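# Reading the structure
Take a look at the letters that make up each chain.
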Amino acid sequence: MSSLTEKDRPIVHLLLNAGTCPRCILRFCSVGSQMLYRRPYKDLMKVLKEFLRNDPEKEDTVCFDVVDPPCKRIRLEHPEEGPEDLNHNGALQQIPQVNDENTAVENSAVKVCNVCLGILQEFCEADFVKKVCQKVNSADYQFTSFVFSVSLPPQLSVRERAAWLVLKQEMRTLGLSLAKDDIVQLKEAYKWIIHPQLSEELGVPADGKSLFEVSVVFAHPETDEECHFLATACPDCFKPAKNKQSVFTRMAVIKALEKIKEEDFLKQFPCPPSSPKNLCVALEIQCNNGAVFVAGRYNKYSRNLPQTPWIIDGERKLESSVEELISEHLMAEFKADSFNFSSSGREDVDVRTLGNGRPFAIELVNPHRIHFTAEEMKRLQQTINTSSDKIQVRDLQLVTREAIGRMKEGEEEKTKTYSALIWTDKAIQKEDIAFLDDIKELKLDQKTPLRVLHRRPLAVRCRIIHTMRSEYIDEHHFRLHLKTQAGTYIKEFVHGDFGRTKPNIGSLLNRTADILELDVESVDIDWPPALDN
C-alpha cells in the first residue's frame, strides 16, 4: 500500500504552506505509485489536509488504497554537512511549525504551484488532453502507437532546487535526510498522468519505442527573470547560440545549478520558491512520424539527365533528375515533409544505367502515411514508370534504416560492368585491339580527374580493371566491355586525362583515344532483394 508516514509530515506541511500542488508534494515524499498521481486533484488535496489534521500520536500513516511498485524512500542518515540556514537575504525563510496546521490548510487553496508552475495541475486535466488529441487527429497521421515527449521551462529546475534545499535543511533538524535523487522527476510524474489519458483518447497504446511522437513544449514568461541570477553567478555556463532565443536553455541551467554553491543559491533565490505570477503556457503541440525508407533499383535511359538536381551558382542547368522523377511520387503518396536520396554510386549526366539498374534508397522524413501493402507499392512503382520515359524503377519496397547500410557496405566491395564506345585518331584493325581481351587484373593509378577536382580531394587512387572484351566496329571505332573495381573513372581510363590515369587505353594502343558513349551495364550488389514484379 502507498502511504505517507510521520517523517513525511514536515514535507507535506512546509510545501502545502508554501503553495506547492499535491502532486509535487507526492514527488518530494518519494511516492512512486503511478496510480496515485492520476487521482483527481481535489481528492489528493483533501487527503493531504486530513494527513496534517491527524494526531501524530494516534495516526502514524495515511494510506492510499492503491497497490504500487517499490518506490524511492527518504533515507534515515546522519545529518549532512551543509551551509548555514540562509535565505536570499542571508537566512532561511522561517519554516512554520509542523503543528501549525490551520495556516497550511488555509494557504493550500487552488493556485499555481510554486514548483511545477501548473504542469501537474491544469495541464493534467481532460480539457488539455483533448486539445492535444485534436491537434494530433487534425494532422492526419497514420500510427498504431505513440511516444509522448515534453519540454519544460528551464526555471522549473531552479524552483525544484529551491524547494529541495529548504526541505533538506528542515529534515536535517529532525535527523533525517532527503537526497535529490529521492525526488520523483517532474517529467516522469507528468507522463504517468498523461499517458493513459492520451492512450484512451487516441485509441492506441503509449510505447517508448514508437516512431510516432507527440510532443508538447511548455514555456513561461518569467524564465529569463528567474534564471538571471545564475548567469551572474556562473557566466561560463551561458553562451549565446545560433537559433536560440534565450541563453537560458535547460542544459545551461542544469549545468549552472551543478556549479553554483548552495550558500550562493540560498542568498539569491527565495527558498522555498515564491508563488508565481503566471501559469505555464503550452507553446507548441507537435506531431512527428519517424522516417520511412524506400529502396529499389533504377535504370536511366537518357544521356541528358543528372542523378541529382544540377544547379551551379544558383542556376538550374537541366529541368529534372533521377532523384526528382522518383521522389516526387513517393513524397505525394507518403505525404512526407522532405526526403533524402542515396544510391550505390552515381553516373554522369551523359551516362546511361542499363541492365538490372542501380540500387537506391530514399528516406522520407515525417511521413503522414506509413502503411503500404505489397500491391500498393507495386502500383506506386508502375506510376513512377509510366510518368517518364527517361527512367524506370524495379524492386520498389519498404526497408529498414539498418538495411540501407548493406547498400553502402557493398559500395566499396562491388564490381561494375561498363560498355564504352571508343574513338581513335589512327586507323585500327580488329587485331590491333584483340590483345585487350587477354588483359586481366590491370592495375591503374588514377589521380583525381580534372573534371571532379572542384569537389573531390586531390589524391592518387589505385583501381583495378578486372577484365576487358573488345568489339571492333570500324577503323576508328570499337566498343569495349569492362568489369572494374568500384570507384574506377572509366572516361579517364580511356583518354588518359592528360596523363593523370596510367596506364590508359590511349597508351595501351599507342594512339589518341577518346570516349563517345558510356553505359553502366550492371552494379553487382545483391540489394535490395529482387521482387517478382
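Here the structure is a predicted model, which means the values were calculated and not measured. Residue numbers run consecutively from 1 along every chain, following the written order of its sequence. It should be noted that, the model being predicted, local features are given only for residues of pLDDT at least 70 and side-chain atom pairs only at 80 or more, the latter also being counted only at that level, while totals for whole chains, interfaces and linings use all residues. Only hydrogens and water are removed before side-chain values are computed, so all heavy atoms of the structure are retained for them.

### Comments concerning the pairing of strand β13 (residues 442-447)
This is how the line gets drawn: For the exposure calls, accessible area comes from a 1.4 Å probe over protein chains only, and a residue counts as buried if that area is under 20% of its type's maximum, exposed if over 50%, partly exposed in between. By the criteria applied, helices consist of DSSP H or I runs no shorter than four residues and strands consist of E runs no shorter than two, each listed in order from the N terminus. One requirement defines pairing of two strands: DSSP has to find at least two bridges between them.
Covered by surrounding structure in β13 are Leu 442, Leu 444 and Gln 446 only, the residues Lys 443, Asp 445 and Lys 447 on the alternate face being uncovered. As defined by bridge partners, β13 adjoins strand β14 (residues 460-474) across six bridges and the pair is classed as antiparallel. Counted as the bridge partner of Leu 444 is Arg 463 from β14. Here β13 pairs with strand β16 (residues 501-502) via two bridges, running antiparallel. Within β16, the position partnered with Asp 445 by the bridge is Lys 502.

### So, unusual backbone geometry
Cis geometry is found at the peptide bond from Lys 502 to Pro 503, where omega equals -15 degrees. Within the fold, Pro 503 resides in the loop between β16 and α17 (505-509). The phi dihedral of Leu 117 is positive, around 55 degrees, even though this residue is not glycine. With respect to the secondary-structure elements, Leu 117 resides in the loop between α5 (101-106) and α6 (126-138). With a relative accessible area of 0%, Leu 117 lands in the buried category. Phi is positive for Asn 366, close to 50 degrees, though the residue is something other than glycine. Among the structural elements, Asn 366 can be located in the loop between β10 (352-365) and α13 (374-387).

### Digging into the nonpolar core
Side chains of nonpolar character tend, in soluble globular proteins, to be buried together. Under the convention used in this document: For our purposes a nonpolar core is just a set of buried Ala, Val, Leu, Ile, Met, Phe, Trp, Tyr and Cys residues, chained together by side-chain atoms within 4.5 Å. Any two residues having at least one pair of non-hydrogen atoms within 4.5 Å are treated as being in contact.
One finds Ile 119, Leu 120, Tyr 190 and Phe 265 to be the most contacted residues of the largest nonpolar core, which totals 85 residues. Looking at this core, the element that brings in the most residues is helix α7 (residues 155-173), giving nine residues. Setting aside chain neighbours within four positions, we find Phe 265 in contact with Val 158, Arg 161, Ala 162, Leu 165, Phe 229, Leu 257, Ile 260 and Cys 271. If you look at the next biggest cluster of nonpolar residues, it comprises 34 residues, including Val 399, Ala 403, Ile 404 and Met 468.

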